[in-house]
Every structure is written in C-alpha cells, then in structure tokens.
Amino acid sequence: MYQFNREEYQKRMQWYVEARFGLFLHWGLYAIPARGEWMRSFERMSLEDYQKYFDEFNPVDYDPKSWARMAKEAGMKYAVLTAKHHDGFCLFDSQYTDYKSTNTKCGRDLVREYTDAMRAEGLKVGLYYSLLDWHHEDYPHFSDGAHPMYQNPDYPDEGRNWDNYIEYLHNQVRELCTHYGKIDILWFDYSFGEYSGEKWGATKLVDMVRSLQPGVIIDNRLEVSGAGLGSLASGNPLPYHGDFVSPEQIIPQEGISDVNGEPLIWEACFTMNDSWGYNSKDKYFKPAPMLIRKLVECVSKGGNMLLNVGPDARGNFPEESVRILKEIGKWMGKNGEGIYGCGASRMPRPDFGRITQKGNKLYYHIFDNTIGPIPLMGIQKKEVKKIRLISTGAEVPIANNWVSNNYPEITFADLGQNPILPDEIDTVLEVELIDEKTAK
Ligand code: GLC
C-alpha cells in the first residue's frame, strides 16, 4: 500500500515554492511551419508530409546558454523544455527511436546542451515529456481525437501494440533520467479519458523515476490534464500522484486547495502570446506589465507561474519575447524580494493591488495609486516594525496628518505627494511586522 510521506514531500518541494517563476520552452520541428505545436493534428497532416520538417531541421542559432541567461535575467529560477512533444520528435539522442535531433542535419543532442546550459547559470532543470505520441506506430491513430489520423480509415488501430508503446515511453523516460545528470522537474503531458494513471504504467514509471532521480518534482498530468487536480487533492494520494497541480492558460480564482481545504502547490502555465510552439502570425503578446502583475497574482494566491517562450526554427526567441523578458527582469531585479519565498497572505486583498507574504514581512504590491495615503487594512500602528520601498530601500513613514488621522483605526503608509507611483507597474512596499502572528 502506498504511503504518502508529507515531510519528504515538503522537503522536495521547498526550492520550487520559493522559486515561483519559471520558463516553459516549446520547441521542435513545428517551429518550421510556424503554426504552433498542434499544427499536424489541426491540419490532419500525414507523417509523410510532416517529414520535410525533419529533413530540414537545422537550428543553426541554437545557443541554450543565451536562453539560460535570458531566463535568469528575467528572474526565472527554473526552466522546462519539451524533450518530446506530441509529434513524437525527440530533442535528445534516444536509442529507442530514429526520430530525433541527432539524426537531423543539426546532429546535436539539444537536451544535453540545454541541461548543461541551464545548470551552468544556476537554473533548475525541467524536462517535458509528452505521453501522447503521433509518430509511434503503436500509439492509437484512428481512435484518439487528438491524433492527426483520427478517424482516418487508412489508419486503423488493429494490430497496434499498446504494451509496446508503454515500454517505449518507459525506456525513454529512463534515458532522460539517467543520461542528463540531475533532473529537477519532470513534466508529463497529459492524461485524458481512460488514458490516465495505470494506462501509462504510472506506478512503475514513477517508481523508476524516483529511484533514478530522488528529489525530482513531477507534475500531475499522469493523472489529469490542465483540467482536474489529481489525487493529492482528494486526500488519498496514489503512488503516482502529482507533486503540483498544473492549471493551464488560467490563474485559479482563489488558489487551489485539497478536499480538506488545505492549500495545494500549483503552477499556472501560460503562453506569452497565444501559442506554445512558435507561431509567426500570433502577435497577441501579453504586455510585460500585465505579466508582472499576473506573477504577483499567482504568488499572492500561493502559486508559481511558468511562462512560455516558443523559439523559432533557427533557435532564437521571438523578438517580442526577448523584449518582454527584459522588461520583466528589470522589475524583478528591484522587486524580487516580494516574489521569491513569498506566498499567500491572510490579509484581505486591498483595492489597489495584492499582498504577498514571507514570515513577518508583508509585501504590498501597489498597482493603482490611491488618493491620499495607502491604507494597510488590518494592521495596527504598534505592530509595524518598519516600512520600506523595496526597490530603493527608502523608509516610508506611517501617515500622520489630518486626512489620515480622520481614520484613527487604519494604519496608512505615506508615499508622499507625487500622484505617480515610483513604479507604475507595481510599486512594492515591504511592511515588516514586529510579530508574525498578526499577519498569519
Ligand atoms: C496542452 C497542449 C500542449 C502544451 C501544454 C502545456 O496540454 O497539448 O501543446 O504543451 O498544454 O501545458
């Protein structure tokens, strides 16, 4: 009988909940048609027609060191790269397939270069591995709604050997867990219908992964997809329970809790524009100020944010992504203290922004300036040790004038007369309390 060990779990999750911000990387052959990573499925393209991208693939500009630097400068603490996406193409030198980067013109093990580069920059290393596989002949074609050959009478499922595919999947995951040093996150994607849990041989798979990579953090998609929580939330964790919930393209309204109301660890992943894989026409990029506030929102609700970049066919980040990462990094460089190691606060959410908390420190993230001083609801003056603007370290006084004194029960921080906030995206006040108990 599987026994969930909370202490071990919390220990392995510690770096991850402190990190709060990571980079998702969707990259593969689909960068060439530049219509997103699902294009083969959406366009019902045959393997033969998709082959031209394999024949052509040669990302001459691929320099994961520069990717790692950009992530680090943006304030990200970890990255997750698609070692294999649904199209089945492997960015690593697997002995179990020919459908891999080392057999293309580029001839390189892209995963190895990535893992080395991320580690060298001090980032934690994550690998995404697709449970779906549109290349493997034993993976159902006709009956899987996502498969490019879905309901195509020329691709019946008879004679396809599921066990064979599962063996392939396990073998490849073993390779990823043995040949690339310490892997910090394994991000499986995804379960659906009856294709969930033991259908993937999940108990055996997770046992193997944990024995080869003690301490690795695994997402919950061996059980569910972007929808659904997984068995940790049910209070009855299965042997292959996910370590975190993985909401996709949404930030949960109130964080995520288990059946007993205990907060769960989660990571919201979303795209920077509207596509995971490179899409040359998709220019719907979320502005950096918005993404900064969304990161704050995730942390204020107890979650992580995994922000995606889809590099192009030459191996470059789209220009827009580079610009956005830089802008985020500029803010993070000054205000990261209000993000890293922080989590949800029990203080009521203020009108003007959000609150994150680390021990006896409350971080007031001010998105909109107030008229008059900033009200720190729920805090008494005598509980405050000090207030600082974290971007400069400047002392911020408690307001004491006829306007503020008109509300003697409220503690106000006095930001001065300028109606324009020092940081118009998010000005962060660190309110240090004498005693943590008031805040928690
Ligand atoms: C979905 C998509 C996929 C993407 C993933 C990221 O499950 O199938 O393309 O990799 O979400 O969360």
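In this text the structure is predicted, and so the values were computed from the model without any measurement. (Residues numbered from 1 in each chain as written. Predicted model: local features only at pLDDT ≥ 70, side-chain atom pairs only at ≥ 80, totals over all residues. Heavy atoms only, no water.)

Before going further, it helps to examine the overall build of the chain. Secondary structure summary: the chain contains 10 helices and 13 strands in total. Rg of the C-alpha trace for the chain: 24 Å, near the compact-globule value of 22 Å for 440 residues, within the 12% margin. By its C-alpha atoms, the chain is 80 × 50 × 40 Å across when sized along the principal axes. For the chain, the proportion of its 440 residues judged to be buried stands at 57%. The contacts in the chain between residues at least 6 apart in sequence include a share of 70% that link residues at least 24 apart. Here the chain has roughly 19,000 Å² of accessible surface; of this, 48% comes from carbon and sulfur atoms. Averaging the locations of the 49 positively and 63 negatively charged side chains of the chain gives two centres separated by 6 Å. (Helix = DSSP H or I, 4+ residues; strand = E, 2+ residues; numbered from the N terminus. Rg over C-alpha atoms; globule rule 2.2 N^0.38 Å. Buried < 20%, exposed > 50% of the residue type's maximum accessible area, 1.4 Å probe, protein only. Contact = heavy atoms within 4.5 Å. Areas by Shrake-Rupley, 256 points an atom, 1.4 Å probe, with all protein chains shown as cover. Lys, Arg positive; Asp, Glu negative; His and termini not counted. Charge placed at Lys NZ, Arg CZ, Asp CG, Glu CD.)

The next point concerns the packing of helix H8 (residues 288-300) against helix H9 (residues 319-335). Here H8 crosses H9 at 50°, and the two axes come no closer than 9 Å. The orientation of H8 with respect to H9, classified from their angle, is oblique. Here the hand of the crossing between H8 and H9 comes out right-handed. For the pair H8 and H9, contact is made by Ala288, Pro289, Leu291, Ile292, Leu295 and Val296 and by Ile324, Glu327, Ile328, Trp331 and Met332, respectively. When its residues are assigned to classes, the contact of H8 with H9 shows 10 nonpolar, no polar and 1 charged. (Axes fitted to C-alpha atoms, helices over the stretch in contact; angles between N-to-C directions. Parallel < 35°, antiparallel > 145°, perpendicular 65-115°, else oblique. Left-handed = near helix turned anticlockwise from the far one by under 90°. Nonpolar A, V, L, I, M, F, W, Y, C, P; charged D, E, K, R; others polar.)

Turning to the domain arrangement of the chain, a few remarks are in order. Partitioning the chain into domains gives domain 1 (6-338) and domain 2 (353-433). For domain 1 versus domain 2, the separation of C-alpha centres amounts to 39 Å. The interface of domain 1 with domain 2 comprises 14 residues on the first partner and 15 residues on the second. Note on domain 1 versus domain 2: buried area summed over both sides is about 1,300 Å², and carbon and sulfur give 58% of it. When the buried surface of domain 1 facing domain 2 is broken down by residue, Arg293, Trp331 and Glu337 rank first, second and third, together holding 41% of it. (Domains from an automatic or database assignment. Buried area = accessible area lost by both parts, 1.4 Å probe.)

On to the sheet that holds strand S2 (residues 78-84), then. Strand-to-strand pairing in sheets goes through backbone hydrogen bonds, with the strands running parallel or antiparallel. Taken in spatial order, the 7 strands of this open sheet run S5-S4-S3-S2-S1-S7-S6, and their pairing is parallel. Pairing within the sheet leaves two strands with one partner each, and these edge strands are strand S5 (217-218) and strand S6 (266-271). (Pairing = 2+ DSSP bridges.)

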